[in-house]
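Remarks on the overall topology
Here is how the chains run, residue by residue.
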Amino acid sequence: MNSDNHPNVHVNPRSSHMSTARATSNKATFSRLHDAVNSGDAEVISKTIDEVVEPDMLFHAPVPMGATGAQALKQVWAVLLRAFPDIHVAVEDEIADGDKVVFRNTVTGTHQGEYRGLPPTGKSVTYNEIFIVRFTDGRIAEIWGVVDVFSQMQQLGAIPT
C-alpha cells in the first residue's frame with residue numbers, strides 16, 4: 001500500500017512478518033501435540049502435554065472432571081485412550097492468526113472400553129470437533145473446544161437415532 005495516497009495508513013511489513021512467523025510456530029507446536037495424540041501412547045501424550053502446554057492452561061470445554069490446566073488435558077486423553085485405543089484425529093482445517101490457531105478435526109475410533117458410563121460396544125465412531133487454541137510464549141495457554149458428543153453417543157447406541 002502506498003502511504004503517499006493514504007496518509008493515515010501505516011503498514012508495517014515487519015509486524016506482519018512477525019505475526020506470520022508466530023502463527024507458523026504455533027501451528028508447529030500444536031502439530032507436535034497432534035502427532036503425540038495419534039501415537040496412541042499415553043506416556044508420549046502426557047510428556048508432550050508437559051512440553052507444550054502451560055501447567056495452568058485454561059480449558060473451556062465440557063470436561064466432567066475436577067482437574068484443571070494441563071492435568072485436565074491429560075485426563076481427557078486418558079479417558080479417550082481407554083475408551084477408544086485406536087483413536088485417530090485428522091485435521092481437516094487449520095487457520096492461524098496472531099496468537100490463536102483454529103482446528104477442525106474428524107475423530108475416528110472403536111469403542112473398546114468404558115466411556116461416559118457406557119460399557120464397550122465394539123462400534124466404530126466418527127465425529128467432528130473444533131478447537132481454538134491460544135498460545136503464550138510458544139506454549140498452549142488456553143483451549144476452547146466444541147466436540148460433537150451427541151453424534152458420538154448416537155453412534156454408540158446410547159441415544160436413539
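Presented here is an overview of the structure given in this document.

Parameters and conventions
- Residues numbered from 1 in each chain as written.
- Predicted model: local features only at pLDDT ≥ 70, side-chain atom pairs only at ≥ 80, totals over all residues.
- Heavy atoms only, no water.
- 1 Å grid on protein atoms, 1.4 Å probe; cavity = no way out; pocket = protein on both sides within 12 Å on 5 of 7 lines; lining within 4 Å.
- Points joined across faces, edges and corners; volume = space filled by probe spheres on them.
- Helix = DSSP H or I, 4+ residues; strand = E, 2+ residues; numbered from the N terminus.
- Pairing = 2+ DSSP bridges.
- Axes fitted to C-alpha atoms, helices over the stretch in contact; angles between N-to-C directions.
- Salt bridge = Lys/Arg side-chain N within 4 Å of Asp/Glu carboxyl O.
- Buried < 20%, exposed > 50% of the residue type's maximum accessible area, 1.4 Å probe, protein only.

This part covers the layout of surface pockets. The computed volume of the largest pocket comes to approximately 630 Å³. Phe 59, Val 76, Leu 80, Phe 131 and Val 147 are, among the 33 residues lining the largest pocket, the residues nearest its centre. Looking at the lining of the largest pocket, the elements with two or more residues in it are helix H1 (13-39), helix H3 (69-83), strand E3 (100-110), strand E4 (124-136), strand E5 (139-147) and helix H4 (149-155).

Pairing in this open sheet of 5 strands is mixed, and the strands run E1-E5-E4-E3-E2 from one edge to the other. The outermost strands of the open sheet, each flanked by one partner alone, are strand E1 (53-60) and strand E2 (88-97). On average, each strand axis in the sheet is inclined to that of its neighbour by 25°, with strand direction left out of account. Two elements, E4 and E5, share 8 bridges in a ladder whose sense is antiparallel. Across the sheet, residue Phe 131 finds its bridge partner in E5, namely Gly 145.

With that settled, consider the pattern of salt bridges. In the structure shown here, the tally under the stated rule is 7 salt bridges. For Lys 74, the salt bridge goes to Asp 50, with nearest N and O atoms at 2.6 Å. With Lys 74 in helix H3 and Asp 50 in helix H2 (residues 42-52), this residue pair connects regions lying 24 residues apart in the sequence. The salt bridge involving Arg 139 is made with Glu 54; its shortest N-O contact spans 3.3 Å. Of this pair, Arg 139 sits in strand E5 while Glu 54 sits in strand E1; the two residues are 85 residues apart in sequence, bridging distant segments of the chain. Of the residues examined, Arg 139 reaches a relative accessible area of 23% and is grouped as partly exposed. Residue Glu 54 is classed as partly exposed on the basis of its relative accessible area, which comes to 22%.

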